[in-house]
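Chain by chain, the residues:
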Amino acid sequence: MLSRILCVCVFLGVFSAGSPLSCKWMDHKFRQLSKDSLDLLNTMAHNSTNSTEDAEVKQTVSFPHELYNQAAKAAAEDKVSFTVQVLNEMETLLNKNHSSASWEEKTVDEFLGGVSRQADGLHSCIRSHGHKKHNKKLHMSFKRLSHVLEQMGHSAEAWELIRKEIKTHLMRADLLISSLLTAN
């Protein structure tokens, strides 16, 4: 009887220690940082100019819904790894010259800091901490956004398009991680 109890305890200990679901950072900090990031993106929208060109350009940018659908079916650690890559790709994209955007620099800096904290925090939840193979299709999706930005001359309209795409990525990444969070 004692050996069965010991086996159950060892099994539960190994299972919960190896699971990203036991990551305290993810349970306690992710929700607030994600909400703050979305709030900052919305603030950036209020400081942005709108243009009728957005509808025309929107057709050239396709959101990678299928990649997120695949990630949603993946193992927990792969969901976290995918989200870390999304956050890192966002940060890289927004670190380009955005002087044409009518965003306040302080807001952009706060947003980038929050995205960086989310990526670092989630990365700490990944067991392997090694370099997992990055999703090339996801990387190419962000590369296409970068090309659109360049084609539009880093204009205010281009940056507003990028802001909207970033917001969609952020909301989908939030859904991926929220599916892993323990109920409070």
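Just above, that's the structure.
In this text the structure is predicted, and so the values were computed from the model without any measurement.

### Overview of the state of the cysteines
Step number 1: All told, the structure shown has one disulfide when counted by the stated rule.
Step number 2: Across the disulfide, Cys23 is cross-linked to Cys125 (sulfur-sulfur distance 1.8 Å). Handedness of the Cys23-Cys125 disulfide follows from its S-S torsion of about -50°: it is left-handed. Placement of the pair is Cys23 in the loop between helix 1 (2-17) and helix 2 (24-28) and Cys125 in the loop between helix 7 (105-124) and helix 8 (136-151), with a sequence separation of 102 residues.
Step number 3: Its relative accessible area of 12% is what places Cys23 among the buried residues.

### Here we look at empty space enclosed by the protein
Step number 1: What the rule picks out here adds up to one cavity of 30 Å³ or more.
Step number 2: Taken as a whole, the largest cavity spans an internal volume of roughly 80 Å³.
Step number 3: Top element by residues in the lining of the largest cavity is helix 8. It accounts for four residues.

### Observations concerning the packing of aromatic side chains
Step number 1: Taken as a whole and assessed by the stated rule, the structure comprises three aromatic pairs.
Step number 2: Look at Tyr68 and Phe82: their rings are 5.1 Å apart centre to centre, the planes differ by 90°, and that puts the pair in the edge-to-face class. Pair noted here: Tyr68 is in helix 5 (residues 65-72) and Phe82 is in helix 6 (residues 76-94), with a separation of 14 residues, a long-range link. Summarising the burial analysis for this pair, Tyr68 and Phe82 share the class buried.
Step number 3: Through pairs of rings, three or more aromatic residues link up here, namely Phe63, Tyr68 and Phe82.

Criteria and cut-off values
Residues numbered from 1 in each chain as written. Predicted model: local features only at pLDDT ≥ 70, side-chain atom pairs only at ≥ 80, totals over all residues. Heavy atoms only, no water. Disulfide = S-S within 2.5 Å. Helix = DSSP H or I, 4+ residues; strand = E, 2+ residues; numbered from the N terminus. Buried < 20%, exposed > 50% of the residue type's maximum accessible area, 1.4 Å probe, protein only. 1 Å grid on protein atoms, 1.4 Å probe; cavity = no way out; pocket = protein on both sides within 12 Å on 5 of 7 lines; lining within 4 Å. Points joined across faces, edges and corners; volume = space filled by probe spheres on them. Phe/Tyr/Trp six-rings, centres within 6.5 Å; stacked < 30°, edge-to-face > 60°.

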